[in-house]
Amino acid sequence: MSPDPFPQDPIYSDTGYSAQPSLAYGAEIDLRKRGQLRTRTLIGHGHHCGQNGQICPDISRLTTALESVERILMEVL
């Protein structure tokens, strides 16, 4: 990422050391079926400084954050 990718954002201006945005994972589950395992899938990311709570599906600019999780399993108890 460039040294100052969001020059108009007061949170990320000056130092230029911005982190990756939050990643959002999703899975379709049926809460009536106990014991089922589901794999969560990356569905997008949050705003770079958490301003709006929306999920952006474009992950093309993410880098090392994509390597932080290999697999997430969820079990309905």
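Note that this is a predicted model, so its numbers are computed, not measured.

Draft legend 1. Spotlight on the overall build of the protein chain. In terms of helices and strands, the protein chain carries zero helices and four strands. Ordering the α and β elements of the protein chain from the N terminus gives β-β-β-β. When the 77 residues of the protein chain are sorted by exposure, 25% land in the buried category. Total accessible area on the protein chain stands at roughly 6000 Å², and carbon and sulfur atoms take up 52% of it.

Draft legend 2. Geometry of the side chain of glutamine 36. Take glutamine 36: it is sitting in the loop between strand S1 (23–26) and strand S2 (37–39). Within the local environment of glutamine 36, its side chain forms a polar contact with the backbone oxygen of lysine 33, the two atoms lying 3.2 Å apart. Beyond its immediate chain neighbours, meaning those up to four positions away, glutamine 36 contacts Ile29, Asp30, Leu31, Met74, Glu75 and Val76.

Draft legend 3. Geometry of the pattern of salt bridges. Within this structure, the stated rule accounts for two salt bridges. Linking aspartate 30 and arginine 32 is a salt bridge whose minimum nitrogen-to-oxygen distance equals 3.0 Å. Notably, a salt bridge pairs arginine 71 with glutamate 70, separated by 3.5 Å at the nearest N-O pair. Since its relative accessible area comes to 74%, glutamate 70 is described here as exposed.

Draft legend 4. Looking closely at the environment of glycine 46. Along the chain, glycine 46 turns up in the loop between strand S3 (41–45) and strand S4 (73–75). Look at glycine 46 and you get buried, because its relative accessible area is 12%. Considering only alpha carbons, one finds glycine 46 and cysteine 56, 10 residues apart in sequence, at a separation of 6.2 Å. With sequence-adjacent residues up to four places away left out, glycine 46 is seen in contact with Pro21, Ser22 and Gln54.

Draft legend 5. Local environment of the environment of glutamate 75. Mapped onto the fold, glutamate 75 is located in strand S4. Once the C-alpha coordinates of glutamate 75 and glutamine 36 are considered, the two residues, 39 residues apart in sequence, prove to be 5.6 Å apart. Setting aside its immediate chain neighbours within four residues, glutamate 75 contacts Gly35, Gln36 and Leu37.

Draft legend 6. Focus on the side chain of aspartate 30. As for its position among the elements, aspartate 30 is in the loop between S1 and S2. Of the polar contacts made by the side chain of aspartate 30, one reaches the backbone nitrogen of arginine 32; its length is 3.0 Å. Aside from chain neighbours lying at most four places away, what touches aspartate 30 is Gln36 and Val76.

What counts, and at which threshold
- Residues numbered from 1 in each chain as written.
- Predicted model: local features only at pLDDT ≥ 70, side-chain atom pairs only at ≥ 80, totals over all residues.
- Heavy atoms only, no water.
- Helix = DSSP H or I, 4+ residues; strand = E, 2+ residues; numbered from the N terminus.
- Buried < 20%, exposed > 50% of the residue type's maximum accessible area, 1.4 Å probe, protein only.
- Areas by Shrake-Rupley, 256 points an atom, 1.4 Å probe, with all protein chains shown as cover.
- Polar contact = N/O pair within 3.5 Å; in protein donor to acceptor, adjacent residues only side chain to side chain.
- Contact = heavy atoms within 4.5 Å.
- Salt bridge = Lys/Arg side-chain N within 4 Å of Asp/Glu carboxyl O.

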